[in-house]
Amino acid sequence: MRLRTLIAFAALFGTFLIAAPVEAAATYRGDSDHVQRIRATTTPGIAKITYSGDGYFSIWGLDRSGKQQELLANHVGTYKGTAVYNAGTGNGLAALKIGADGPWTVQLLPLGKARSWSATTSGGTDDVLRLSKPSRGFHTLRVRHTGDGYFSVWGLDSRGRRSNLLANHVGAYKGSVSLPAGTQYAVIGSDGPWSIVRR
């Protein structure tokens, strides 16, 4: 079969053959409640989110039927952070349900665009970190959080699927946890300063 025919066939039936990814850098903006439809996908990715209102702000990921799947943001007041989507076993992302009383932006990117996970990494809000390749052997993480609210660290495998809950606390925390072999990404949920030292 000729290449041109194969390309045409893939264009026609591609959505049935592979999970369609979100465009390389799809950015959406608004200033109030909104439901933003996107190209439906089951591929894991990240959402870089900003909000400059004073009130409650939330983003739910919806599937093709409009059912809530993942809570990507849940804050009061100004916010800037990064969340992961399609890391679980849901039905995929087809829309964003945004609750807001002020300006917001959401940029959807491939998981590979997550922030590089260096030996010592710190931040002050929700984030997604990426190792250049999955971890091997035995490693530990020295984790610190000085916020007042909920704090969590999830490990994801090389496919971007949740594999291990590494930390799960409310308020200030300091401790050491093991990093399972095969982990390539870390998803941090935080309302205050945090640091992770990988050994």
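Here the structure is a predicted model, which is why all the values come from computation and not from measurement.

Novice: How would you sum up the packing of aromatic side chains? Please name residues and give values.
Specialist: Considering all chains together, one arrives at three aromatic pairs under this definition. Aromatic side chains Phe57 and Tyr79 sit 6.5 Å apart centroid to centroid with 40° between the ring planes, which places their arrangement in the tilted category. Here Phe57 is found in strand β4 (residues 56-62), whereas its partner Tyr79 is found in strand β6 (residues 79-85), with 22 residues between them in sequence. Of the two residues, Phe57 and Tyr79, both sit in the buried class. Between Phe151 and Tyr173, the aromatic rings sit 6.4 Å apart at their centres with planes inclined by 35°, giving tilted as the arrangement.

Novice: Describe the sheet that holds strand β15 (residues 173-179), naming the residues involved and giving the relevant values.
Specialist: Strand order in the open sheet made by the four strands is β10-β17-β12-β15, with antiparallel pairing throughout. In this open sheet, the two strands that pair with only one neighbour each are β10 (120-123) and β15. Looking at each pair of strands side by side, their axes are set apart by 15° on average, direction ignored.

Novice: Before we move on, could you go through the pairing of strand β17 (residues 194-198) and cite the residues and values that matter?
Specialist: Pairing geometry for β10 and β17, over four bridges, is antiparallel. From the neighbouring strand, Gly123 faces β17, where its bridge partner is Trp194. In the sheet, strand β12 (residues 139-145) pairs with β17 via five bridges, with the strands oriented antiparallel. Paired with His145 across the strands is Trp194, a residue of β17.

Novice: Describe the sheet that holds strand β3 (residues 45-51), and please don't skip the residues or the numbers.
Specialist: Read across the open sheet, the four strands follow the order β1-β8-β3-β6; overall the sheet is antiparallel. The open sheet has two edge strands, β1 (26-30) and β6, and neither has a second partner. Geometrically, the sheet is characterised by an average inter-axis angle of 15° between neighbouring strands, direction not taken into account.

Novice: Lay out the environment of Gly53 in plain terms, naming residues and giving numbers.
Specialist: With respect to the element layout, Gly53 can be found in the loop between β3 and β4. Sequence spacing of Gly53 and Asp101 is 48 residues, and the spatial spacing of their C-alpha atoms is 5.8 Å. If we skip the residues at most four places from it in the chain, Gly53 touches Gly77, Thr78, Asp101, Gly102 and Pro103.

Novice: So what about the environment of Ala114? Which residues, and what values?
Specialist: Turning to its location among the elements, Ala114 is positioned in the loop between β8 (104-110) and β9 (115-116). On the accessibility criterion, Ala114 (4% relative accessible area) is buried. In sequence terms Ala114 and Val84 are 30 residues apart; their C-alpha atoms lie 9.2 Å from each other. Those residues within four positions of Ala114 in sequence are excluded, and the remaining contacts are Ile46, Val128, Leu129 and Arg130.

Rules of the game
- Residues numbered from 1 in each chain as written.
- Predicted model: local features only at pLDDT ≥ 70, side-chain atom pairs only at ≥ 80, totals over all residues.
- Heavy atoms only, no water.
- Phe/Tyr/Trp six-rings, centres within 6.5 Å; stacked < 30°, edge-to-face > 60°.
- Helix = DSSP H or I, 4+ residues; strand = E, 2+ residues; numbered from the N terminus.
- Buried < 20%, exposed > 50% of the residue type's maximum accessible area, 1.4 Å probe, protein only.
- Pairing = 2+ DSSP bridges.
- Axes fitted to C-alpha atoms, helices over the stretch in contact; angles between N-to-C directions.
- Contact = heavy atoms within 4.5 Å.

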